[in-house]
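Observations on the three-dimensional arrangement
Letter by letter, the chains look like this.
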Amino acid sequence: MTPQLGKTIVILGLVLVTLGAFVWLGGGSLLGWFGRLPGDIRVERPGFRFYAPIVSMLLVSLLLSLIMWLVRR
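What comes next concerns the included structure. No experiment lies behind these values; they were computed from the predicted model shown.

Turning to helix α2 (residues 54–72), a few remarks are in order. Between its terminal C-alpha atoms α2 stretches 27 Å, which fits the 27 Å expected from 19 residues at 1.5 Å a residue. Three or more residues of α2 are buried, namely Ser 56, Ile 67 and Val 71. For α2, the arc enclosing every buried residue in end-on projection is 50°, short of the 170-degree limit, so these residues lie on one face. Facing away from the buried side of α2 by more than 90 degrees, the exposed set consists of Leu 58, Leu 62 and Arg 72. Tucked inside the fold, the buried residues of α2 contact α1 (3–24).

Structure follows, in structure tokens:
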């Protein structure tokens, strides 16, 4: 393993801990729109629930790609 990989893992861990603390301490109300974007599929029937957050996961992927690009620079 290279020192750069270790640095990247530590930074990603700190970002995840910060985001988790934000949501846990009440910031979840600010993220209420997440998972309910146009393009997220939700089907609810009696005894059956299907949820596919397609657009939300694309947004997460874009954000993580941007973070990784910034870390590598």
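The next thing to look at is the pairing of strand β1 (residues 41–45). Here β1 runs beside strand β2 (residues 48–52); their pairing, made up of 5 bridges, is antiparallel. Directly across from Arg 42, in β2, lies its bridge partner Tyr 51. Connecting β1 to the antiparallel partner β2 that follows it, the hairpin turn spans 2 residues, and Gly 47 within it adopts a positive phi of roughly 80°.

Calculation rules
Residues numbered from 1 in each chain as written. Predicted model: local features only at pLDDT ≥ 70, side-chain atom pairs only at ≥ 80, totals over all residues. Heavy atoms only, no water. Helix = DSSP H or I, 4+ residues; strand = E, 2+ residues; numbered from the N terminus. Expected span 1.5 Å × (residues − 1). Buried < 20%, exposed > 50% of the residue type's maximum accessible area, 1.4 Å probe, protein only. Arc of directions from axis to C-beta. Contact = heavy atoms within 4.5 Å. Pairing = 2+ DSSP bridges.

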